[in-house]
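Read off the chains here:
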There are 2 protein chains.
Amino acid sequence: MLISRLAVIGVGLIGGSLVRALRTAGEVGEVVGCGRGKPNLERAMELGVIDRYHHRVEEAVEGADLVFLAVPLGAMESAFRSMRGHLQPNAVITDGGSAKACVVEACRAAFGELPSAFVPGHPIAGTEESGVEASFAELYHNRRVILTPVEETSPEALEKVETMWRLCGSDVTQMSVEHHDEVLAATSHLPHLLAFSLVDTLSRMKENDEIFRYAAGGFRDFTRIASSNPVMWRDICIANKQALGKMMTLYIGEMQELATAVDQGDSELLLEIFSRAKAARDRYIDGIV
Amino acid sequence: MLISRLAVIGVGLIGGSLVRALRTAGEVGEVVGCGRGKPNLERAMELGVIDRYHHRVEEAVEGADLVFLAVPLGAMESAFRSMRGHLQPNAVITDGGSAKACVVEACRAAFGELPSAFVPGHPIAGTEESGVEASFAELYHNRRVILTPVEETSPEALEKVETMWRLCGSDVTQMSVEHHDEVLAATSHLPHLLAFSLVDTLSRMKENDEIFRYAAGGFRDFTRIASSNPVMWRDICIANKQALGKMMTLYIGEMQELATAVDQGDSELLLEIFSRAKAARDRYIDGIV
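Residues numbered from 1 in each chain as written. Chains lettered and ligands numbered in written order. Predicted model: local features only at pLDDT ≥ 70, side-chain atom pairs only at ≥ 80, totals over all residues.

### A few points about the domain arrangement of chain A
Interfaces are often described in size by the accessible area the parts lose on coming together. All names here are of chain A. Looking at chain A, the domain boundaries give domain 1 (3-174) and domain 2 (179-285). The gap between the C-alpha centroids of domain 1 and domain 2 is 31 Å. Counting residues at the interface gives 13 residues for domain 1, matched by 13 residues for domain 2. Residues belonging to the side of domain 1 that touches domain 2 are distributed by class as follows: six nonpolar, five polar and two charged. (Domains from an automatic or database assignment. Contact = placed C-beta atoms within 7 Å. Nonpolar A, V, L, I, M, F, W, Y, C, P; charged D, E, K, R; others polar.)

Rendered as structure tokens:
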């Protein structure tokens, strides 16, 4: 069995699905939950996701050989601070945060230096749902998990976390913290901002009810991610503001170029942009890249 | 039978699906196709969508009591010009163009004045596929069709077109040409531009292959519409440039506001925008609006 006692700090979709997958694989012994809300933790007990729980991190991590942090990015530092001095010697720590530089900084700030047992990680999976109720064992199946080990990370800790995700059916890769944050800003954080801001722009227009009424299927798909958790996305935007800021500047520049092309009826430039985008999208969907 | 002889100018997804729905309803007699490409028209014959075809509009409309125009917006004026003087006296003309002011102007320019038999229309339906091969009888089922009759439009022509779409299972509504173009700029044309420009921005970055590789499900949905036909969307953007230009200005303004909020770590403003967007999106999906 890979993990004897797993402490899950934040028992929601991400933490709950990890536990379910490890239970299915038969690779986890006892699971201790931690969170602020009692109803959610009680529900997690009923669902058989966790075996017991504590509200305080220092108690939850006791005797755990693996600690998984699935709290909002803004709550990472305080969680790291609380576990300091309460971990057993061989405990490995990993997380599921959507941005990595900020988590590494939070960990360094809390521990004074980066513990060799800390393996920053990010499973690229999720739904618009949240809470333990929405969790399921197959969430990470065939999904990519990016681990961003730092210089201090020990090979043993890294191997344990890598094995854990492989047991969940994930495709595990490694990259640097900085590169992770750039790639995610481009493919996830920016698209979420675009969807939120499109729906918000429309909702601020006069007669917005009528406008939404005429929205077709494309609009529904395009804006699905605008139904995501606002608090989580606020945290992500702030946590990854450097990489995201760069992407927004690039994107606003392209939109202004397009606005000029539309205004001037620049048929050639519009066709060039649309064709290049379609080719990239079709190539991506066909799985060539 | 509502239509004795239907002339379909442009036998693709839109025109082909209309014919299939009318045939299923048993409300059309002979169907005459018109287009430039012989292979597509031959395929439409094989599929039983059309009974015969002509390459010239003037021949195709002969003896038709309803003419349906499903050509690209940029080809509307020349199609109207070609049919002038070749229509039978009681022929009703309608179209499926995604922008309406430009079609009305094209018709006026071609005929000198707007014929009372012309009913501008727009079925809010489609897929990323195109061509008669992709057409199917249920495309318009439970979809909205917007008719934008002008002052000159006769009540009889309007009624015939309205009945035609109802027979296809559509939910038919009327609005002014200007209002249609604003609503569609907001809910369809702008989202397509955003998707095209997002994918294009990423495809122009270094290491774009790798970036696309890490894109998750949200990205796939969000950018699905960037696989749409580039020529069609170039035509739509140019045809509806006034309403679209206004929406782009609004949207770029909101994106700039968001960029400042991210840069300054303005947590409250980000949360306000994301929460308002999520509420609007959830309300829209729940079908309250």
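### Looking at the relation of the copies chain A and chain B
The transformation that overlays chain A on chain B combines an axial shift of 0.0 Å with a rotation of 180°, and the residual RMSD is 0.1 Å. Those values place the two copies in the arrangement expected of a two-fold rotation axis. Within chain A, Phe222 of chain A has its C-alpha nearest the rotation axis, a separation of 2.1 Å. Looking at the interface residues of chain A, 100% of them are also at the interface in chain B, so both copies use one shared face. (Least-squares fit on C-alpha atoms with pLDDT ≥ 70 in both.)

### Considerations on helix α6 (residues 155-167) of chain A
Residue and element names in this part refer to chain A. In a regular helix each residue adds 1.5 Å, so 13 residues correspond to 18 Å; α6 covers 18 Å between its end C-alpha atoms and thus fits that length. All buried positions along α6 are accounted for by Ala157, Leu158, Val161, Glu162, Met164 and Trp165. Buried residues along α6 cover an arc of 155° about the axis, so they all sit on one side. α6 presents Pro155, Glu156 and Glu159 as exposed residues on the side facing more than 90 degrees away from its buried surface. Buried-residue contacts for α6 involve β1 (3-9), β5 (92-95), β6 (118-119), β7 (121-123), β8 (144-147) and β9 (171-174). Gly169 occupies a position one or two residues after α6 and carries a positive phi of about 85°. (Helix = DSSP H or I, 4+ residues; strand = E, 2+ residues; numbered from the N terminus. Expected span 1.5 Å × (residues − 1). Buried ≥ 20, exposed ≤ 12 C-beta atoms within 10 Å, placed from the backbone. Arc of directions from axis to C-beta.)

### What to know about the sheet that holds strand β7 (residues 121-123) of chain B
Residue and element names in this part refer to chain B. If you walk across this open sheet you meet the three strands as β7-β8-β9, and the pairing is mixed. Sheet topology places β7 and β9 (171-174) at the edges, where each strand pairs with a single neighbour. Strand-to-strand twist of the sheet, defined as the mean angle between neighbouring strand axes without regard to direction, takes the value 20°. Taken together, the three bridges between β7 and strand β8 (residues 144-147) define a ladder with antiparallel strand orientation. Note that in β8 the partner of Pro123 across the bridge is Val145. (Pairing = 2+ DSSP bridges. Axes fitted to C-alpha atoms, helices over the stretch in contact; angles between N-to-C directions.)

### Concerning the sheet that holds strand β5 (residues 92-95) of chain B
All names here are of chain B. Read across the sheet, six strands follow the order β3-β2-β1-β4-β5-β6 without closing on themselves; strand pairing throughout is parallel. Strands at the two margins of the open sheet, each flanked by one partner only, are β3 (52-54) and β6 (118-119). The pairing of strand β4 (residues 66-69) with β5 spans four bridges and is classified as parallel. If you follow Phe68 over to β5, its bridge partner there is Thr94. Sheet strands in contact with helix α6 (residues 155-167) are β1 (3-9), β4, β5 and β6, and its direction is about 50° off that of β5.

### Here we look at the environment of Glu178 of chain A
In this fold, Glu178 of chain A is placed in helix α7 (residues 177-203). Measuring from C-alpha to C-alpha, the distance between Glu178 of chain A and Ile211 of chain A comes to 40 Å, with 33 residues separating the pair along the chain.

### So, the interface of chain A and chain B
Each partner contributes residues to the interface: chain A has 72 residues there, and chain B has 73 residues. Listed by contribution, the elements that provide at least two residues to the side of chain A that touches chain B are α7, α8 (208-213), α9 (217-222), α10 (230-239), α11 (241-263) and α12 (267-285) of chain A. Examining the composition of the side of chain A that touches chain B, we find that 16 residues originate from one element, α7 of chain A, more than from any other. Of the residues assigned to the side of chain A that touches chain B, the class counts are 44 nonpolar, 13 polar and 15 charged.

### Things to note about the pairing of β5 of chain B
Residues and elements named next belong to chain B. Every second residue of β5 is oriented toward a common face, with Val92 and Thr94 on one face and Ile93 and Asp95 on the other, all of them buried. Taking the sense of rotation as the criterion, the β-α-β connection linking β4, helix α4 (residues 76-83) and β5 turns out right-handed. Bridge analysis of β5 against β6 gives two bridges, and the strand direction is parallel. Bridged to Thr94 within β6 is Val119. (Right-handed = clockwise from strand over helix to strand, strands pointing away.)

### Some points on the nonpolar core
In terms of nonpolar packing, the biggest core is built from 206 residues, with Val8, Ile9 and Val67 of chain A together with Val8, Ile9 and Val67 of chain B touching the most fellow members. The residues contacting Val67 of chain A, other than those within four sequence positions of it, are Ala7, Ile9, Val61, Met83, Ala91 and Ile93 of chain A. (Core = buried A, V, L, I, M, F, W, Y, C linked by C-beta atoms within 7 Å.)

### So, unusual backbone geometry
Most peptide bonds take the trans configuration, and most residues that are not glycine carry a negative phi. Residue and element names in this part refer to chain A. In this structure, Asn142 takes a positive phi of about 60° despite not being glycine. Secondary-structure assignment places Asn142 in the loop between β7 and β8. Taking the C-beta count within 10 Å as the criterion, Asn142 has 9 such neighbours and is therefore assigned exposed.

### A closer look at the packing of helix α7 (residues 177-203) of chain B against helix α11 (residues 241-263) of chain B
Residues and elements named next belong to chain B. Running from amino to carboxyl end, α7 crosses α11 at an angle of 55°, the nearest separation of the two axes being 9 Å. In terms of their interaxial angle, α7 and α11 are classed as oblique. In the crossing of α7 with α11, the sense of the turn from one axis to the other is right-handed. In contact with Asp181, Glu182, Ala185, Ala186, His189 and Leu190 of α7, α11 contributes Ala243, Leu244, Met247, Met248 and Tyr251. (Parallel < 35°, antiparallel > 145°, perpendicular 65-115°, else oblique. Left-handed = near helix turned anticlockwise from the far one by under 90°.)

### What to know about the packing of α4 of chain B against helix α5 (residues 101-111) of chain B
Helix-helix packing: each pair is described by the crossing angle between the helix axes and the interaxial distance. All names here are of chain B. Relative orientation of the contacting elements α4 and α5 amounts to 35°, with a least axis distance of 8 Å. Relative to α5, α4 is oriented so that their crossing is right-handed. In this structure, α4 contributes Met76, Glu77, Phe80 and Arg81 to the contact, and α5 contributes Val103, Ala106, Cys107, Ala109, Ala110 and Phe111. Tallied by class, residues from the contact of α4 with α5 come to eight nonpolar, no polar and two charged.

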